[in-house]
Amino acid sequence: MTARVGWPDVAKGMCIILVVLWHVVTKHAIAVEGAGPVTDAWATLNAQLLPLRMPLFFLISGMFAGRVVNAPAGTPWRRRAGRLAAVYVIWVVIQTFVLALTPDFDTARAENGWQLLAQLTISPTNLWYLLALAVYLLVARLVRQVPTAVVLPVAFVIAAVASAGVIPDLGNLWQVVQNLLFFLAGLRLRSVIERFAAASSPFRTLMLGTAYVAAVGAVGVLGMRQWPGVWPLLAIVAVAFGVAACATIDHCASVVARPLRWVGQRTLPIYVIHMIPLALIDGALRGAGWLTTPATEVVWPVVLTGAVIAICLVVHAGLVRVGLGALFDPLLLVDREAAAREAAARAAD
């Protein structure tokens, strides 16, 4: 049995932390009374990481989807896609009811049945990653016989069009469309990515990081964000840097890699739960008249990000302990029912 490669978990851990930090800053910190230049700097920094966070997340997801996508029978990919879609539906509905308690919190929430239906289909909420993965598995299965030399260029063109602002403003639909490229790249180029990661070093990471910073700066200064093809090219540079950085951390900085790997193996509960404690904390602080200062602006996003992640993991453990693990894997109910039927059939024989 081969040992589990560590850097993908490091990458997932880093990505989920950055996702929570992004929401902490953009949905809470910038709205706190007294927020100033330091919070603006946090928001700017987080915005520069947009080409890295989700593309790297999807690249890793694609790398480990090959077995289910290419299975001779169709059941594995259907189960995986069905599980993801079901978790998306469950948590969108949960969020709809809980976020109604925090009307001042700045995030999309359905206020009627039609809006809820739209969020479950064509206008994805902040949980869009789950819906995107389910769709990507379907697409990957449909094009599994098409050569990579055709699939990836077509996916690049789709990403270029989606990032150019031509898709209607329907929640996170544009993100679902444009990130297909990275899922398919992870799926089709896993061996290339693994060799690249294995050859990574601090020097290569530094060079790629420098290239990423320069590219982000050029795009911002020249206003090129929505130029056709610019975003996917920028994201490719970002993802190359992300892979090299995570592999280097895993090889050279175990004290950092260990907690990132641990978090990276628990991304699902953090992802689906985190907006709820963030919204409730935001509402409580607003009610208490919370004011920020230049000193607290520096550390507050980091402290709150850590607190929200910890709350998510505690809530997840509690829900699993009381028998509600199906909230995170609805197919557990199907499997339990099938196992019960099989046991009953054996007992009857």
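Residues numbered from 1 in each chain as written. Predicted model: local features only at pLDDT ≥ 70, side-chain atom pairs only at ≥ 80, totals over all residues. Heavy atoms only, no water.

Q: Would you explain the packing of aromatic side chains in this entry?
A: Where two aromatic rings form a pair, the distance of their centres and the angle of their planes describe that pair. Inspection of the entire model under this criterion finds nine aromatic pairs. Here the aromatic rings of F57 and Y129 are separated by 4.9 Å at their centres, their planes lie at 40 degrees, and the arrangement is tilted. Linking F57 in helix 3 (residues 50-63) with Y129 in helix 7 (residues 128-142), this pair joins segments that are 72 residues apart in sequence. There is no split in this pair, since F57 and Y129 are both buried. Summarising the aromatic geometry, the rings of F58 and Y129 are spaced 4.8 Å apart at their centres and angled 35 degrees between planes, so their arrangement reads as tilted. Of the two residues, F58 is situated in helix 3 and Y129 in helix 7; the sequence distance between them amounts to 71 residues. When sorted by exposure, F58 lands in the same class as Y129, which is buried. These aromatic residues form a ring-pair network of at least three members: F57, F58, W128, Y129, Y136, F183 and Y271. (Phe/Tyr/Trp six-rings, centres within 6.5 Å; stacked < 30°, edge-to-face > 60°. Helix = DSSP H or I, 4+ residues; strand = E, 2+ residues; numbered from the N terminus. Buried < 20%, exposed > 50% of the residue type's maximum accessible area, 1.4 Å probe, protein only.)

Q: What should I look at first to understand the side chain of H23 in this one?
A: Mapping H23 onto the fold places it in helix 1 (residues 7-27). Judged by its relative accessible area of 8%, H23 is buried. Among all residues touching H23, those that are not within four sequence positions of it are H28, N126, H274, M275 and L278. (Contact = heavy atoms within 4.5 Å.)

Q: Looking at this structure, I do not really get the environment of L268. What am I missing?
A: With respect to the helices, strands and loops of the structure, L268 is situated in helix 15 (residues 267-273). Once residues lying within four places of it in the same chain are set aside, the contact partners of L268 are V87, L130 and F328.

Q: Would you take a moment to explain the state of the cysteines for this structure?
A: Tallied over the entire structure, the rule returns zero disulfides. Free cysteine: C246, not disulfide-bonded; nearest cysteine sulfur from C15 at 6.6 Å. Note on C246: relative accessible area 0%, which makes it buried. (Disulfide = S-S within 2.5 Å.)

Q: Teacher, can you tell me more about the environment of D9 here?
A: Its location among the elements puts D9 in helix 1. Every residue in contact with D9, bar those within four places of it in the chain, is listed here: R4, L260, R261, G264 and Q265.

Q: Would you mind showing me how to read the pattern of salt bridges here?
A: Side-chain pairs of opposite charge can arise whenever the charged atoms involved come near each other. Evaluated as defined, the whole model comprises four salt bridges. Here R83 ties to D329 by a salt bridge, and the two come within 2.5 Å at their closest N and O atoms. Taken together, the residues span a long stretch of sequence, with R83 in helix 5 (residues 75-99) and D329 in the loop between helix 17 (294-321) and helix 18 (331-348) at a distance of 246 residues. One salt bridge in this structure joins R286 and D282, with 2.6 Å as the shortest N-O distance. Placement of the pair is R286 and D282 together in helix 16 (residues 275-287), with a separation of four residues, close to one helical turn. On the basis of relative accessible area, R286 is assigned to the partly exposed category, the value being 36%. (Salt bridge = Lys/Arg side-chain N within 4 Å of Asp/Glu carboxyl O.)

Q: Teacher, can you tell me more about a nonpolar patch on the surface here?
A: Together, V146, V150, V154 and I158 make up an exposed nonpolar region whose accessible area comes to about 270 Å². With respect to the helices and strands, V154 occurs in helix 8 (residues 148-162). (Patch = residues over 30% accessible without salt bridge, like charges linked within 9 Å, V, L, I, M, F, W, Y side chains within 5 Å. Areas by Shrake-Rupley, 256 points an atom, 1.4 Å probe, with all protein chains shown as cover.)

Q: Please explain the nonpolar core as it appears in this structure.
A: Note on soluble globular proteins: their nonpolar side chains tend to be buried together. Residues L56 and F58 are the most contacted members of the largest nonpolar core, which totals 92 residues. Counting residues per element, this core draws most heavily on helix 1, at twelve residues. If we ignore the near neighbours within four places in the chain, the residues touching F58 are W128, Y129, A132, L133, Y136, N179, F182 and F183. (Core = buried A, V, L, I, M, F, W, Y, C linked by side-chain atoms within 4.5 Å.)

Q: Where do I start with the environment of L280 in this structure?
A: As for its placement among the helices and strands, L280 is situated in helix 16. Overall, the relative accessible area of 40% leaves L280 in the partly exposed class. When the C-alpha positions of L280 and I17 are compared, they lie 19 Å apart, and in sequence the two are 263 residues distant.

Q: When you look at helix 17 in this model, what are you seeing that I'm missing?
A: Owing to its 3.6 residues per turn, the α-helix aligns residues three or four sequence positions apart on the same side. Compared with an ideal rise of 1.5 Å per residue, which puts 28 residues at 40 Å, helix 17 spans 41 Å between its outermost C-alpha atoms and is within 8% of the ideal. Along its length, helix 17 shows its largest kink, about 40 degrees, at W300, and proline P301 lies within four residues downstream of that point. Buried within helix 17 we find E297, W300, P301, L304, T305, V308, I309, C312, L313 and L319. The inward-facing, buried residues of helix 17 contact helix 1, helix 2 (37-48), helix 5, helix 14 (254-264), helix 15 and helix 16. Immediately downstream of helix 17, the backbone of G323 shows phi near 90 degrees, a positive value. (Expected span 1.5 Å × (residues − 1). Bend = angle between axes of the 7 residues up to and from the residue.)

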